[in-house]
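In case you want the letters, here they are:
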Amino acid sequence: MKLLNASRRFRFCTMLVCWVVLAETCHSDTFTPVATTAETGEACFDQWGTETLRLIRDRFWSQKYGLYTEHALMPDGRHWRGSHPSFTWGVGVQLSALNAAARVDPKRYVNQAMAYADAIEVYWLDANGVAGFDVQPGPKEADRYYDDNAWLVLALLELFEISHERKYLDRAVATFDFVMSGKDDKLGGGLYWREQEKKTKNTCTNAPAIVSALRLHQLTHEKSYLDTAKQLYLWTGQHLQDTDGLFWDNIDLEGKIDRRKYSYNSALMIRANLLFHELSGADNYLTEAERIANSARAAWIRDEGAVDDSGRFAHLLLEAFLALDEHHQDGSWGQVVVRSVIYLHDQVRDADGIYGSHWIASQRRSPRKISLLDQASAARIYWLAAAHFSSEAP
């Protein structure tokens, strides 16, 4: 068994205190923001996750649609004008946040996660000879994104592992088939970003598709998924990786590279390398994961713990660091996450418990509209941290 490192000891030492506070707050019908760690001296990741999911339920759930909305309810109960069911990207992150909570507190959250996964079937659309999740519920003309569907493959696979309900694996397989329908031979392979606008092939589609294929291989033992992951991995590295290990955003069909870098693209390639390492035992994949992670830390993690990127990207970077921490005895990557998550809670969250789009305090703005995606990103990383730092407590 791995030695209980400093960050895990930190989590264990606060667990009992958190549980007392959580027991007092989780039955409240109204949202009450939790004090900062500077005020309490404690970091309670599961409590913060509970708090954020409760706020999401209170402010974003629509009885009209039976779904979470893209933007929050106004304080008097009216929706923001033009509010509608969440776009598919937010759907995937919210489902993944419920999944992460269900791993820690299954009694409370498994049924919630399953109910939401069942509700989003209204996004499922059969069009152009293949079915997949549309950007909005129908009936409507198809407007589907390959990356949104790749995120939902990962969320559905998580839910299958948690619930043991075969229907979620089956839906993940069908969703992955849609993702792979975005591949052709232009530029030598790779996946497009958007079905209706096949102009660019993006890391944000290819990287989660690689991880999805590897997870499907782990769960089904079908070699075809491993072969697909290898092909996409080689293509993505050849076309979209910079010399520092980090990944560019996209390449168009003329071969022009959009050299912007977002943390989630490199994050998913860290996870892809770790999965290849776990499956093959080859150390070169672990070495590559560490190389990407070190460059990512230098690019986006600030000295005070801030992640200098949008939260909708940043939560995936911290998740990748947690995955890498499982391969290190010293817990150094976990300590990076602890500092960043505490900073998120204490410095980025506003007085009402709301998270803006950027996870650095100097960029915090009072949002004109409160986004589901921004709140769910915070909830996801809180629950992942709660699971990680309690899993090996004595």
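Below is a short write-up of the structure. Bear in mind the structure is a predicted one, so any value in this text is a computation, not a measurement.

Attention now goes to the packing of helix α6 (residues 146-163) against helix α8 (residues 203-220). Contact pair α6 / α8: the axes reach a minimum separation of 8 Å and the direction vectors enclose 25 degrees. Judged by the inter-axis angle, α6 sits roughly parallel to α8. In this structure, the crossing between α6 and α8 has a hand that is left-handed. For the pair α6 and α8, the contacting residues are Tyr-146, Asp-147, Ala-150, Trp-151, Val-153, Leu-154, Leu-157, Phe-160 and Glu-161 in the first and Cys-204, Thr-205, Pro-208, Ala-209, Val-211, Ser-212, Arg-215, Leu-216 and Leu-219 in the second. Its residues placed into classes, the contact of α6 with α8 shows 13 nonpolar, 2 polar and 3 charged.

Before going further, it helps to spend a moment on α8. With 18 residues, α8 extends 25 Å from end C-alpha to end C-alpha; this agrees with the ideal 26 Å at 1.5 Å per step. Across the 18 residues that make up α8, a large majority, 15, are buried. Positive phi shows up at His-221, right after α8, with a value of about 65 degrees.

For the pair α8 and helix α10 (residues 263-280), interaxial distance at closest approach is 9 Å and the crossing angle is 25 degrees. Classed by the angle they form, the pair α8 and α10 counts as roughly parallel. Crossing angle aside, the handedness with which α8 passes α10 is left-handed. On the side of α8, the interface is formed by Thr-203, Cys-204, Ala-207, Pro-208, Ile-210, Val-211, Leu-214, Arg-215, His-217 and Gln-218, while α10 contributes Tyr-264, Asn-265, Leu-268, Met-269, Arg-271, Ala-272, Leu-275, Phe-276, Glu-278 and Leu-279. By residue class, the composition of the contact of α8 with α10 is 13 nonpolar, 4 polar and 3 charged.

Here the focus is unusual backbone geometry. With an omega dihedral of 5 degrees, the bond running from Gly-138 to Pro-139 counts as a cis peptide bond. Structurally, the position occupied by Pro-139 is in the loop between β4 (130-133) and α6. You will see that Leu-187, though not glycine, has its phi angle at about 65 degrees, which is positive. With respect to the helices, strands and loops of the structure, Leu-187 is situated in the loop between α7 (166-180) and β5 (200-202).

Conventions we followed
- Residues numbered from 1 in each chain as written.
- Predicted model: local features only at pLDDT ≥ 70, side-chain atom pairs only at ≥ 80, totals over all residues.
- Heavy atoms only, no water.
- Axes fitted to C-alpha atoms, helices over the stretch in contact; angles between N-to-C directions.
- Helix = DSSP H or I, 4+ residues; strand = E, 2+ residues; numbered from the N terminus.
- Parallel < 35°, antiparallel > 145°, perpendicular 65-115°, else oblique.
- Left-handed = near helix turned anticlockwise from the far one by under 90°.
- Contact = heavy atoms within 4.5 Å.
- Nonpolar A, V, L, I, M, F, W, Y, C, P; charged D, E, K, R; others polar.
- Expected span 1.5 Å × (residues − 1).
- Buried < 20%, exposed > 50% of the residue type's maximum accessible area, 1.4 Å probe, protein only.

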